[in-house]
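Next come the chains, spelled out residue by residue.
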Amino acid sequence: IVLHSDDSKIEDIDIFNDHLALYEVHKGFDRVRILNFNNKEEPWRQIKLPSPISASPGVNQDYFTDTLRFHYSSPTIPERTFNYNMLTNELHKVKEKKIDINYFNPEDYVCYRVNVPSKIEPNIAIPLTLVHHKSIKKDHSNRTLMIAYGAYGHNLDIDFRIKNLPLLKRNWVLALAHVRGGADLGRKWYDSGKELNKMNSFYDFIDCVEYLVDEKYTNPQLTAAISSSAGGLLLGTILNMRPELFKAVVMKVPFVDVLSTMTDPSLPLTVHEYNEWGDPRDKKVYEYIMRYCPYYNIKAQNYPHMLVTASLLDSRVPFWQPAKYVAKLRRYKTDNNILLLKVDKDSGHFGEGGRYGSLYETAIDYSFLFKALDS
C-alpha cells in the first residue's frame, strides 16, 4: 500500500514481479521511486535525477525483469531514455534526442525553481519555474513569456519543447507559474484553487508577474502571457483585474464565459464540471463565479495587445464564447492596441492536427508576440 501524502500526486506506475516503480510529483518536482517487495528493511529507493525535470514511463513489457526503462527531459534537456537496474541501482543512458548543438546548446541555458511569496497569504509560496539563457541580466530588459493553467488538478509539465527554442534563442525568459488549481503541490494545492477558492489562482499568477518585475527580470512593457482553455479563463480574469501587467496576451480557445456555461445543464460538460467550478444554482456559487467570469467583468479600460483563437469544431469551448468575448472587448476597451480573433474552421479544442499543424499555430502566436512587444 502506498500511503497518501498531501504534498504528492501519483502520475503513473510500472509493476514488476519484485518491484513497483512510482512516478509522482512531490512538492512540485517530478521523481521516480522504486519499491522492492523483497526488502523489508529499506523497501523504497529514489532514483537520483536532476531537478526540475519531467519524468515518464518507457516501454516495460517484461513483468519478471529487474530493469526499468523511463524517460526524462527538462526545458533545457532534450528527452533522454534510461535503463535503471532496480537491484544494483545502476543507471544507463540508452538514447538521447539530438538537437543541432550549433543551434541550441543546453549548456548555455538554465532552468530553476523559485518560490514566490503570496501577498494575501503569508504562509503560501507559489512555485515558479524559470528558463533562460545564462547571459541575461536582471535589469528589467528581458522579454518574458508567462505560462500558467491552474485548473482540474493539471500540473505544468517541465519538459523539453522544441517550440520554445525560438524564444530562448532570442533571450526571452520563460516563466511557468504553478498556481493553485493545479496539483503541483498535491491535492490541497488543487482544492485551494477551485470552486469557492478559485480567486487564489488569479492572485497567485499576479504575484508571480509582480515578482519578476520586482526582481528585475522584466517590466510590464516586455511581459506577455499565453494559455489555453481554462488557462484562458485565468488570463481573461486577470486582464480585467490588472491589465497593466502585460504588453501582450495570447488566449487559445479560452473558457471565458464560465457563468453561462455552468448555468446551462443541457450542455454536455456542465454537470460534470460542478466539482471544478461549483453549481451556480447555489446563490453563493453564482455570485462567486460572477465575481471573476471574464466575459461579465469586461469594463471600460485599457487592455494589452490580444490574440484570441477559437475553433469551429470545438465541443469543449464553443467558438461563440471567444467570439462574443472579443466583440464585447471591442465595444468597451479604451485603447488602440491590437485585438485579433482567429477562428479555425477545421480543428477542435486541441488545435490543428497533422505534421505541421501545431508548428503553424506556434508561428502565428510568436509572430503576434514579436510584433506586439516591439510596437
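Residues numbered from 1 in each chain as written. Predicted model: local features only at pLDDT ≥ 70, side-chain atom pairs only at ≥ 80, totals over all residues. Heavy atoms only, no water.

Draft legend 1. Summary view of the environment of S229. Residue placement: S229 occurs in the loop between β13 (223–228) and α4 (230–241). With residues near it in sequence (within four places) discarded, S229 still touches Y149, K252, V253, P254, F255, V317 and H349. (Helix = DSSP H or I, 4+ residues; strand = E, 2+ residues; numbered from the N terminus. Contact = heavy atoms within 4.5 Å.)

Draft legend 2. Here's a closer look at the sheet that holds strand β3 (residues 29–36). Spatial strand order, β1-β2-β3-β4: four strands in an open sheet with antiparallel pairing. Among the strands making up the open sheet, the edge pair consists of β1 (8–15) and β4 (44–46). Across this sheet, the average inter-strand angle for adjacent strands is 25°, counted without regard to direction. Relative to β4, β3 is paired through three bridges, and the arrangement is antiparallel. By the bridge assignment, R33 is partnered in β4 with Q46. (Pairing = 2+ DSSP bridges. Axes fitted to C-alpha atoms, helices over the stretch in contact; angles between N-to-C directions.)

Draft legend 3. Molecular detail of the sheet that holds strand β15 (residues 305–311). With mixed pairing, eight strands are arranged side by side in an open sheet as β9-β10-β12-β11-β13-β14-β15-β16. Each having just a single partner strand, β9 (109–117) and β16 (339–344) make up the two edges of the open sheet. For this sheet, the mean inter-axis angle between neighbouring strands, taken without regard to orientation, is 15°. Here six bridges tie β15 to β16, and the two strands are oriented parallel to one another. Within β16, the position partnered with M306 by the bridge is L339.

Draft legend 4. Main features of helix α7 (residues 283–292). Those residues of α7 that sit buried are V285, Y288, I289 and Y292. One side of α7 carries all its buried residues, which in axial view fall inside an arc of 95°. Buried residues along α7 sit against α3 (199–214), α4, α5 (258–262) and α6 (274–277). The backbone nitrogen of K284 lies 2.9 Å from a side-chain oxygen of the residue at the head of α7, namely D282. (Buried < 20%, exposed > 50% of the residue type's maximum accessible area, 1.4 Å probe, protein only. Arc of directions from axis to C-beta. Polar contact = N/O pair within 3.5 Å; in protein donor to acceptor, adjacent residues only side chain to side chain.)

Draft legend 5. Layout of the pairing of β3. Along β3, six of the eight residues are buried, which leaves the element largely enclosed by surrounding structure. With eight bridges joining them, strand β2 (residues 19–26) and β3 adopt antiparallel strand pairing. Counterpart to H26 in the pairing with β3 is F29. A loop of two residues connects β2 with β3, the two strands running antiparallel in sequence, and K27 in this loop sits at a positive phi of about 50°.

Draft legend 6. Highlighting the nonpolar core. Ranked by internal contacts, the top residues of the largest apolar core, which has 84 residues, are L128, M146, F205, F246 and Y325. The element contributing the most residues to this core is α3, with eight residues. Filtering out sequence-adjacent residues up to four positions away, F205 remains in contact with M146, I147, A148, A177, V179, A225, L234, L235, I238 and F246. One finds F16, I47, A55 and F82 within the second-largest nonpolar core, a separate group that totals 15 residues. (Core = buried A, V, L, I, M, F, W, Y, C linked by side-chain atoms within 4.5 Å.)

Draft legend 7. Structural context of unusual backbone geometry. The omega torsion across S51 and P52 is 0°, close enough to zero to call that bond cis. In this structure, P52 sits in the loop between β4 and β5 (54–57). Located in the positive-phi region is E195, a residue other than glycine, with phi close to 50°. In this fold, E195 is placed in the loop between α2 (187–191) and α3. The exposure class assigned to E195 is partly exposed, which follows from its relative accessible area of 30%. Even without being a glycine, V253 presents a positive backbone phi close to 35°. Here V253 lies in the loop between β14 (248–252) and α5.

Draft legend 8. Structural view of the side chain of D314. Here D314 is to be found in the loop between β15 and α8 (320–332). For the buried D314, which has no salt bridge, the nearest side chain bearing the opposite charge is R316, at an N-O separation of 6.1 Å. A polar contact is formed between the side chain of D314 and the backbone nitrogen of V317, at a distance of 3.0 Å. Not counting the four nearest positions on each side in its chain, D314 is found in contact with V253, S347, G348 and H349. (Lys, Arg positive; Asp, Glu negative; His and termini not counted. Salt bridge = Lys/Arg side-chain N within 4 Å of Asp/Glu carboxyl O.)

Draft legend 9. Inspection of the pairing of strand β10 (residues 125–133) at higher detail. Among the nine residues in β10, eight count as buried, and that is most of the element. Relative to strand β12 (residues 173–177), β10 is paired through four bridges, and the arrangement is antiparallel. Bridging from a neighbouring strand, L130 pairs with A175 of β12.

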